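# A structural walkthrough
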Amino acid sequence: MAETPRLVATDIDGTLLRDDRTLSPRTAGVLARIAAAGTPVVLVTGRPIRWLQLVYDQLAAPLPAVCANGAVVYDPVADEVLRADPLAPELLAEVARRLRAQVPGVSFAVEIVDSRQMRHEAHYPLRWDADTDAIRAVESPEELLAVPAVKLLARAGEQDPDVFVRVVAGALEGLAEATHSSYTGLVEISAAGVTKAAGLAWYAARLGFDEREVLAFGDMPNDVPMLTWAGRAVAVANAHPAVLEIADEVTGSNTEDGVAAYLEQIFGVGCDDSRSRRGGRRAELESS
């Protein structure tokens, strides 16, 4: 990609956000200035819609998002899901059957209602997502798999995530997509063909752009399809080896404002506009 990109796509966790889940004033300012100048910016994440408010509270204005690893495309201004590609109940049942046979002690959760709600088995370990009314345990495995889900989550205790995802992907070959974005052994499962690349490609086409015009940032294996698809792929320095291997370039880490530094160079913008910084600074003050 020799020309200035026409669409900027970025992962959130480990890429845009710092390790404490705050967005630096510098990063918030750069994103705001780029968007205000006419280049669309889209967040591309494995996270659900219900989690995005944490990021929106730190931005000057909410940005559209491709959520659930490509299964959901979301317009935050209208609070509208533009596209959803869930796993059907019968597919969920077959995926669960295969994994229960292959992985001892596996437990499941599902993202439903376009990822506005989560349901989980009683023994599924909750982490960041424990304290919300949108999340509850189901009374039976049948209830868990009874409605379409934009993502199925699988855990089997603490696992090497790279090894575990290979086991899951092998069991589901041809049936569903398996990826990961954590260091704790969580595998994320989507319908066949549903990846960050597919969701972003749909959104880019909606805006009239193709992959050659897209600049993408990421850090984890679930970003690999998006980074492989985009015209220019940039890894943050803290990225997983699989991402560093396929990236066109490497910028600074998420704690060093690597995305902001790269965008400043490409677009020739800084974050000297206090209005652009307001969202990020407010969030920092509230989190202190």
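Attention here is on the structure that accompanies the text.

Cut-offs applied
Residues numbered from 1 in each chain as written. Predicted model: local features only at pLDDT ≥ 70, side-chain atom pairs only at ≥ 80, totals over all residues. Heavy atoms only, no water. Pairing = 2+ DSSP bridges. Helix = DSSP H or I, 4+ residues; strand = E, 2+ residues; numbered from the N terminus. Axes fitted to C-alpha atoms, helices over the stretch in contact; angles between N-to-C directions. Contact = heavy atoms within 4.5 Å. 1 Å grid on protein atoms, 1.4 Å probe; cavity = no way out; pocket = protein on both sides within 12 Å on 5 of 7 lines; lining within 4 Å. Points joined across faces, edges and corners; volume = space filled by probe spheres on them. Phe/Tyr/Trp six-rings, centres within 6.5 Å; stacked < 30°, edge-to-face > 60°. Buried < 20%, exposed > 50% of the residue type's maximum accessible area, 1.4 Å probe, protein only. Lys NZ or Arg CZ within 6 Å of the ring centre and 35° of its normal.

### Focus: the sheet that holds strand β4 (residues 72-75)
The sheet built from eight strands is open, its strands ordered β5-β4-β3-β2-β1-β12-β13-β14 with mixed pairing. Every interior strand has two partners, whereas the edge strands, β5 (80-84) and β14 (249-251), have only one. Averaged over all neighbouring strand pairs, the angle between strand axes comes to 25°, with direction disregarded. Across four bridges, the pairing between strand β12 (residues 214-218) and strand β13 (residues 232-236) is parallel. Bridge pairing in β13 links F217 to V234. Against the sheet, helix α6 (residues 196-207) makes contact with β1 (7-10), β2 (41-44), β3 (65-67), β4, β5 and β12, and its axis sits at roughly 155° relative to β1, the strand it touches most.

### Re the layout of surface pockets
One number sums up the size of the largest pocket: a volume of about 720 Å³. Lining the largest pocket are 34 residues, and of these D13, R21, R47, S181 and S182 lie nearest its centre. A per-element tally of the lining of the largest pocket places strand β9 (residues 151-155) first, with three residues. Contributing to the lining of the second largest pocket are N69, E177, A178, T179, E188, S190, V194, T195, K196, P221, N222 and P225. Those elements that provide at least two residues to the lining of the second largest pocket are β10 (176-179) and β11 (187-191).

### A few points about the packing of aromatic side chains
The relative placement of two aromatic rings is captured by the distance of their centres and the angle of their planes. This structure, assessed with the given rule, holds one aromatic pair. Look at F217 and Y262: their rings are 5.6 Å apart centre to centre, the planes differ by 80°, and that puts the pair in the edge-to-face class. Here the residue F217 occupies a position in strand β12, and Y262 occupies one in helix α9 (residues 258-267), the gap between them amounting to 45 residues. Taken as a pair, F217 and Y262 share a single burial class, namely buried. Across from the ring centre of W51, 4.3 Å away, lies the NZ or CZ of R47, which sits over that ring.

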